[in-house]
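Listed here are the chains, written in short residue letters.
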Amino acid sequence: MRVLFLGPTYPQEMLQFTRGLAEVGAKVYGVGDSPRRALPASVRPHLEDYLEVPRILDEDAVIERASAWLRGRQIDRVLTNWEPTVLLAARLRERWGVPGMSVDAVTGFRDKQLMKERVAAAGVRVPKSERVVRQSAADTDSVRAAASRIGLPLIIKPIAGAGSADTYSCRDQAQLDAAIEATRHVQDLSVEEYIEGEEFTYDTICVDGQPVYENVAQYLPKPLEARSHEWISPVIITVRDMHQAKIQNGVALGRQVLKALGMGDGFTHMEWFYTPKGEAVFGEIGCRPGGARLVDQMNYTGDVDLFREWARASCWKAFEAPTARKYNTGIVFKRAKGRGRITRIDGLETFKRQHRGFVIEDELLRPGTARRDWKATLVSDGYLMIRHPDWDECKRMCFAAATDITMYAE
Ligand SMILES: Nc1ncnc2c1ncn2[C@@H]1O[C@H](COP(=O)(O)OP(=O)(O)OP(=O)(O)O)[C@@H](O)[C@H]1O
Ligand SMILES: [Mg+2]
């Protein structure tokens, strides 16, 4: 089994996926723009070979270089777990005749408007939306026209967005005007009906489009709010009991979505809303895992290794881990007050003492380290991972970590 794996070292969790591939018996051919000489020692033993390219996002150039590099070597799978390279992987598969999801199928997971059209055509409830292609930065009329057809409250966001960047909720005319101004640089926009309610994930590993592993996690608060206010410590908790009726709504919706979009093998990460009326509404989906340590969270939820099981599903269409859920696993991201370098952390030791046995990772940045850009990475200035078999108890501990631990920088 020869696997070409795009981006084996970036983002950070890809090191673990590379390891997983090697552990299930794949020969891994890595392609990435990290310098060859800087490959971490932990990943080297798992790579059969590595092609360094100038820019992994320059798809045409990568296709040419990788084709020349492989000449004469047969490849059985082309895989990636990073959103910006999912289409490149599909193009490589088509170019070389390698099995796996087509460019058309992957485009349904990448283009938010096409995604919603395909999902809606299968009878799934999606937010009302319109794609707006701006003729120029001066073109505000086409956005206004779409907004008046959709009606307030609404959301304006890029068609190919990530990390809630350039995403605005508009409840009144003034907010709409401001959002239209603020998104002048984005050419391809989606104007959407605003869906009230709680926000969840639905994550899977699939084999031939059928989930062999499923997970739901709740965002507290919803990602757009978490990214709009620096003082918030965003919390995400995996839901141990997925049999609750409320959660089953989202799971049923998710399964319909996978079918509608023609999922193949590998990870999916979907977001959905649960409205005050008790309705599940589709948000968006990617054919790759969630970022910001969500795979680690899922692993802690069932004491499994999904880095390896994803590899097994992708290479051999098999899944061998138990699916019993033992814990609700929460992650609490912290953002320091002030700019520059972390100077101190208040409340951490007391918190850890009070919650001994439940805090499973402490990856908060320590004094002396430079702050991270909280808008660019949800991981912010680090995180605590906390787990407990009881939902309310897990949530209480996560919220206590959010309010009782304070990081400072200057
Ligand atoms: N129609 C909607 N109604 C309500 N909230 C929405 C809607 N669309 C987006 N949002 C909010 O904005 C956030 C970001 O939107 P979306 O998930 O579509 O974009 P993204 O930038 O790809 O997200 P990610 O942060 O997952 O990379 C959502 O998680 C949600 O909180
Ligand atoms: Mg999203």
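The rules behind each value
- Residues numbered from 1 in each chain as written.
- Chains lettered and ligands numbered in written order.
- Predicted model: local features only at pLDDT ≥ 70, side-chain atom pairs only at ≥ 80, totals over all residues.
- Helix = DSSP H or I, 4+ residues; strand = E, 2+ residues; numbered from the N terminus.
- Rg over C-alpha atoms; globule rule 2.2 N^0.38 Å.
- Buried ≥ 20, exposed ≤ 12 C-beta atoms within 10 Å, placed from the backbone.
- Contact = placed C-beta atoms within 7 Å.
- UniProt positions renumbered as here; feature names shortened; annotations may be inferred.
- Pairing = 2+ DSSP bridges.
- Axes fitted to C-alpha atoms, helices over the stretch in contact; angles between N-to-C directions.
- Near = placed C-beta within 6 Å.
- Nonpolar A, V, L, I, M, F, W, Y, C, P; charged D, E, K, R; others polar.
- Domains from an automatic or database assignment.
- Core = buried A, V, L, I, M, F, W, Y, C linked by C-beta atoms within 7 Å.

## Points about the overall build of the protein chain
1) Next: Helix and strand content of the protein chain: 13 helices and 18 strands.
2) Next: What you see for the protein chain is a C-alpha radius of gyration of 22 Å, in line with the 22 Å of a compact globule of 410 residues.
3) Next: Along the first, second and third principal axes, the C-alpha set of the protein chain runs to 60 × 55 × 45 Å.
4) Next: Per-residue burial over the protein chain gives 44% buried out of 410 residues.
5) Next: The contacts in the protein chain between residues at least 6 apart in sequence include a share of 67% that link residues at least 24 apart.

## Here's the deal with the UniProt feature "domain: ATP-grasp" (unreviewed entry) in the protein chain
1) Next: When the UniProt feature table is mapped onto this chain, "domain: ATP-grasp" (unreviewed entry) is found at residues 116–315.
2) Next: Span residues 116–315 is 34% helix and 30% strand, its end C-alpha atoms 29 Å apart.

## Some remarks on the environment of Phe333
1) Next: Inspection of the secondary structure puts Phe333 in strand β14 (residues 328–333).
2) Next: Along the primary structure Phe333 and Ile236 are separated by 97 residues, whereas in three dimensions their C-alpha atoms are 8.8 Å apart.
3) Next: Contacts of Phe333, omitting those with residues within four sequence positions, involve Ser233, Pro234, Leu378, Val379, Ser380 and Tyr383.

## Structural notes on the sheet that holds strand β2 (residues 27–32)
1) Next: In space, the 4 strands of this open sheet follow the order β3-β2-β1-β4, with parallel pairing throughout. The strands lining the two open edges of the sheet, one partner per strand, are β3 (47–52) and β4 (77–79). Across the sheet, the mean angle from the axis of one strand to that of its neighbour is 20 degrees, orientation sign disregarded.
2) Next: Note that strand β1 (residues 2–6) and β2 share 5 bridges and pair parallel. When the bridges of β2 are listed, Leu6 appears paired with Val31.

## Observations regarding helix α10 (residues 294–302)
At 3.6 residues per turn, the α-helix brings residues three or four places apart onto the same side.
1) Next: Along α10, 9 of the 9 residues are buried, which leaves the element largely enclosed by surrounding structure.
2) Next: Listed as buried for α10 are Leu294, Val295, Asp296, Gln297, Met298, Asn299, Tyr300, Thr301 and Gly302.
3) Next: Following α10 by one or two positions, Asp303 adopts a phi angle in the positive range, close to 50 degrees.

## Side note on the site of ligand 1
1) Next: Around ligand 1 there are 20 residues in total, and Gly161, Ile195, Lys222, Pro223 and Leu224 lie nearest to it.
2) Next: Contributions of two or more residues to the shell around ligand 1 are made by β6 (154–158), β8 (188–193), α8 (223–228) and β13 (280–286).
3) Next: Along the lines of polarity and charge, the residues of the shell around ligand 1 split into 8 nonpolar, 5 polar and 7 charged.
4) Next: Counting the residues that make up the shell around ligand 1, at least three belong to each of domain 2 (102–125 + 196–315) and domain 3 (128–193).

## Quick word on unusual backbone geometry
Most peptide bonds take the trans form, and the phi angle of most residues other than glycine is negative.
1) Next: A cis amide bond links Tyr10 to the next residue, Pro11, at an omega of -10 degrees.
2) Next: Among the secondary structure elements, Pro11 is positioned in the loop between β1 and α1 (14–23).
3) Next: Looking along the chain, the bond that leaves Leu152 and enters Pro153 is cis, with omega of -10 degrees.
4) Next: Residue placement: Pro153 occurs in the loop between α6 (141–150) and β6.

## What to know about the pairing of β13
1) Next: With respect to burial, β13 is a largely interior element, 6 of its 7 residues being buried.
2) Next: In this sheet, β13 lies alongside strand β12 (residues 266–274) in antiparallel orientation, the contact comprising 6 bridges. Counterpart to Trp272 in the pairing with β13 is Phe282.

## Some details on the domain arrangement of the protein chain
1) Next: Structurally, the protein chain comprises domain 1 (2–100), domain 2 (102–125 + 196–315), domain 3 (128–193) and domain 4 (327–410).
2) Next: Of all the elements in the fold, those that place two or more residues in the side of domain 1 that touches domain 2 are α1, β4 and α3 (86–96).
3) Next: Per-element accounting of the side of domain 1 that touches domain 2 gives the leading share, 6 residues, to α1.
4) Next: A breakdown of the residues in the side of domain 1 that touches domain 2 according to their chemical character gives 11 nonpolar, 4 polar and 7 charged.

## Overview of α1
1) Next: Within the span of α1, buried status applies to Met14, Gln16, Phe17, Thr18, Gly20 and Leu21.
2) Next: The secondary structure elements touched by the buried residues of α1 are β1, β2, β3 and α11 (306–316).
3) Next: Immediately downstream of α1, the backbone of Gly25 shows phi near 95 degrees, a positive value.

## A look at the environment of Leu51
1) Next: Mapped onto the secondary structure, Leu51 falls in strand β3.
2) Next: On a C-alpha basis, the gap between Leu51 and Asp33 in space is 8.3 Å, while along the polypeptide they are 18 residues apart.
3) Next: Apart from residues lying up to four places away in sequence, Leu51 is in contact with Val31, Arg65, Ala66 and Trp69.

## Describing the nonpolar core
1) Next: Ranked by size, the top nonpolar core spans 91 residues in total, and within it Val3, Val257, Trp272 and Val332 carry the most contacts.
2) Next: Beyond its immediate chain neighbours, meaning those up to four positions away, Val257 contacts Val119, Val124, Met270, Phe282 and Ile285.
3) Next: Residues Val132, Leu154, Cys170 and Leu189 belong to the second largest nonpolar core, which totals 13 residues.

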